[in-house]
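What follows is the residue order along each chain.
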Amino acid sequence: MGGALDVNEFVAGYLVEVEEHLSASTANLLAAEAALRGGESSPKAIRELFRALHTIKGLSAMVGVEPIVDLAHAMETVLRAADRAAGSLSASSIEVLLRGLRSIEERARALAEGKPVLPAAPELLAALNALDLAAAPSPPVPTIGADPEILAKLGPGERVQLAQGVAGGRRALRVDFVPSPARTAEGVNITTVRERVGKLAEIVKVIPLSVPASEGAPGGIAFALLVLTGATDEEVARAAAADGVRALTVEPPVPPAVAALAEREPDEPADREPQLRGVVRVEVARLDDALDKLSALVVTRFRLARAAAALRARGADTRDLSEILREHDRTLRDLRGAIMRARMISVAELLERVPLVVRGLGRATGKQVRLEIDAGKAELDKAVAERVFPAIVHLLRNAVDHAIEPAAERRRLGKPEEGVVRVSCFERSSNQLELSVADDGRGIDRALVARRAGRPAPESDAALLDLITLPGLSTLDKATKTSGRGLGMDIVRRIAVEQLSGELSVSTSPRAGTTFTLRIPLTLTIVDAFSFLCGDQLFVTPVAGVEEVVEIDAARIIRGPAPGEARGGAMLPALGEARGGAMLPAPGEARGGAMLPAPGEARGGTMLIERRGEVVPLVDLGALFELGASPARRALVVRRHGAPFAFGVTRVIGQQEVVVRPLEDPLVRVPGVSGSTDLGDGRPTLVLDLVTLSGKVSAGRGGRGALARVAS
């Protein structure tokens, strides 16, 4: 036991704990602000906020970060007084407390980066000490029908919380749990009871009681759980291992003096036992290392498969080896799933910071904005989450600063003064997430965007998106603190499309609002992919970006003129557009006595195929990459901005897991090529992003020569 204790070994764990408690504190403080706007108190949020700050203070004292100790202690004092005032905070108090949370976060970040931790700002400490909580209206405190021993330990905030629950349609119950050796042997203690009851009810308070020692209570102690629930008495009693429950009566609130009812609550409730959660914190670097090892195993699997195929070609009996390889494939896929699940975080966790972002934007712009979040149960890789969050922030800035109208303008338009921004997401498939940011604002003015860009007004949402994502384009005459520099939407496009190989789309209606939608992969490193040949060249593309693989019927290919090319002195109509009451001829149909040219007969035209009544542009990928004249027999169909696009390939080999390595060298980075992989032959195989490539080809910016050089 010699030697002094080195607290540095605890710093990493301390920073993780502080980050979690700060996130919870911000959420509770914003909940208290929302309750204040509705004219209500928020006793539960205030108590949870107090407990989080109390924990931060204790942890900071343990590792010697005194500036955070000072800040947390000053904030605790404010929250203690707020709890005695039945959970009421003034608007000025919330603003100062938010500043305190930001100050703690800044100092924790400085500690993580090895920088000096600055002392707490004297003006902030003074503002916390000078908060006038008397300005916050204290709600009437209700009368609770319970034993005097229980009432003596109930604070005003807990009484208000019970009354609010009853007013919301739930029942207030008292549930008694008596520990005993027999129950302990069965694994039933106050901790497990709290967990089980917490699934059925909201626990307002757990009060330890001293009771006469008896056969039923050999330890002379019991616990009274005060809960709010909609479950039946039998369900709650079974969860608490109790013989029964008792209802608590909540009389109409009366305004007695709050001070007379205030009871000092111990800093740490006496009933609280150490809880061991089934969670192990692991640094992301360790998960990255495990993923790298898994990536090496995936490449080795390809090499094993090639070696087994070579043995079979020489006439060797490889049946046992083939069975082992199949079992290896299953185990490797399960291992991949386990590692990827360990790397996943919930989208709800990703969006925890969004309410604070929107609140700050609303205050900076002077607009009233209500945020709605629907995150569901979707999850995504932490690396993807870290990349996509800046794009979400830019979309929120765009919505609040550009889209949501000022209150006066909304009143004139017959809209509620408070604008709405909605963030929602869900998993579109097992490997793709769809995330949208919508508002009920003014919509995008196409004519204004076109004038700013010096281009014709866009007729479609896809063309509009191409304009608003131009670097440097802004509809504001003067840059503000939040936007106006013309970088936001360009950054969103680069993150969603180029960095994450996803898709970005927009839909907008005048005076009704705008919705931006991002479709991004759940993970980037190991993905399911199609491998295919263009001539003799092998490529892969992620399965998530391919809608369908179809067979090409050469007899049903339509070859039209190049874009803008006239035929007979007149421009051709758009696809499917009538001319003189007639539609464009079907594939192979005569026009003026002559058949449409067969594939390869016309030069410079656009090839089209028909798929279930839908006309789809077709591009021969081998010809685009200048890989020879092998005929395209299959087509990979993708969608960009909702419109289909097909790439012709020589042969689709199959579907397999691949390890994607990004192309870091700017000299070989080309739109449409997202990285490379190793299929076991030691040669790099290009990973194509067909959605991005379809956009470049459609815009006439395919970079044909550059693509050909990379492909070779």
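See above for the structure.
Reading the values: the criteria
Residues numbered from 1 in each chain as written. Predicted model: local features only at pLDDT ≥ 70, side-chain atom pairs only at ≥ 80, totals over all residues. Heavy atoms only, no water. Patch = residues over 30% accessible without salt bridge, like charges linked within 9 Å, V, L, I, M, F, W, Y side chains within 5 Å. Areas by Shrake-Rupley, 256 points an atom, 1.4 Å probe, with all protein chains shown as cover. Salt bridge = Lys/Arg side-chain N within 4 Å of Asp/Glu carboxyl O. Helix = DSSP H or I, 4+ residues; strand = E, 2+ residues; numbered from the N terminus. Expected span 1.5 Å × (residues − 1). Buried < 20%, exposed > 50% of the residue type's maximum accessible area, 1.4 Å probe, protein only. Phe/Tyr/Trp six-rings, centres within 6.5 Å; stacked < 30°, edge-to-face > 60°. Lys NZ or Arg CZ within 6 Å of the ring centre and 35° of its normal. Axes fitted to C-alpha atoms, helices over the stretch in contact; angles between N-to-C directions. Parallel < 35°, antiparallel > 145°, perpendicular 65-115°, else oblique. Left-handed = near helix turned anticlockwise from the far one by under 90°. Contact = heavy atoms within 4.5 Å. Nonpolar A, V, L, I, M, F, W, Y, C, P; charged D, E, K, R; others polar. Core = buried A, V, L, I, M, F, W, Y, C linked by side-chain atoms within 4.5 Å.

Right, let's get into a nonpolar patch on the surface. A surface patch of nonpolar side chains, amounting to about 240 Å² of accessible area, comprises Leu311, Leu321 and Ile324. For Ile324, the position within the fold is in helix 13 (residues 319–343).

Compared with the 16 Å implied by 1.5 Å per residue over twelve residues, the 16 Å span of helix 7 (residues 156–167) between its first and last C-alpha is a close match. In terms of burial, helix 7 is a largely internal element, nine of the twelve residues being buried. Along helix 7, the positions that sit buried rather than exposed are Pro156, Gly157, Glu158, Arg159, Val160, Gln161, Leu162, Ala163 and Gly165.

For the rest of this paragraph, the subject is the packing of aromatic side chains. Throughout the structure, instances matching the rule amount to three aromatic pairs. Through a chain of ring-to-ring contacts, the aromatic side chains of Phe532, Phe539 and Phe625 assemble into a single cluster. Directly above the aromatic system of Phe389 lies the positively charged group of Arg353, at a separation of 4.1 Å from the ring centroid.

Right, let's get into the packing of helix 18 (residues 446–453) against helix 19 (residues 461–468). The geometry of helix 18 relative to helix 19 is characterised by a closest axis approach of 10 Å and an angle of 45° between their N-to-C directions. Between helix 18 and helix 19, the angle is such that the two are oblique. The crossing of helix 18 and helix 19 is left-handed. For the pair helix 18 and helix 19, contact is made by Arg446, Val449, Ala450 and Ala453 and by Asp461, Leu464, Leu467 and Ile468, respectively. Residue composition of the contact of helix 18 with helix 19, grouped by class: six nonpolar, no polar and two charged.

Membership of the largest hydrophobic core comes to 48 residues, with the highest contact counts inside it found for Leu380 and Leu396. The dominant element in this core, judged by the number of residues it contributes, is helix 16 (residues 382–403), at eleven residues. If we ignore the near neighbours within four places in the chain, the residues touching Leu396 are Val354, Val357, Val358, Leu361, Val421, Val423 and Val437. Judged by nonpolar contacts, the second largest core, of 34 residues, contains Ile68, Met75, Val78 and Leu97.

Another aspect to go through is helix 22 (residues 690–698). Because an α-helix completes one turn every 3.6 residues, residues spaced three or four positions apart along the sequence face the same direction. Counting buried residues along helix 22, seven of its nine residues qualify, which places the element largely inside the surrounding structure. Along helix 22, the positions that sit buried rather than exposed are Leu690, Val691, Thr692, Leu693, Ser694, Gly695 and Lys696.

Their axes nearest at 9 Å, the elements helix 2 (residues 43–63) and helix 3 (residues 66–84) cross at an angle of 155°. On the basis of the axis angle, helix 2 is roughly antiparallel to helix 3. The crossing of helix 2 and helix 3 is left-handed. Every residue of helix 3 that contacts helix 2 at Ile46, Arg47, Leu49, Phe50, Leu53, His54, Ile56, Lys57, Ser60 and Ala61 is listed here: Ile68, Val69, Ala72, His73, Met75, Glu76, Leu79, Arg80, Ala82 and Asp83. Partitioned by chemical class, the residues of the contact of helix 2 with helix 3 number twelve nonpolar, three polar and five charged.

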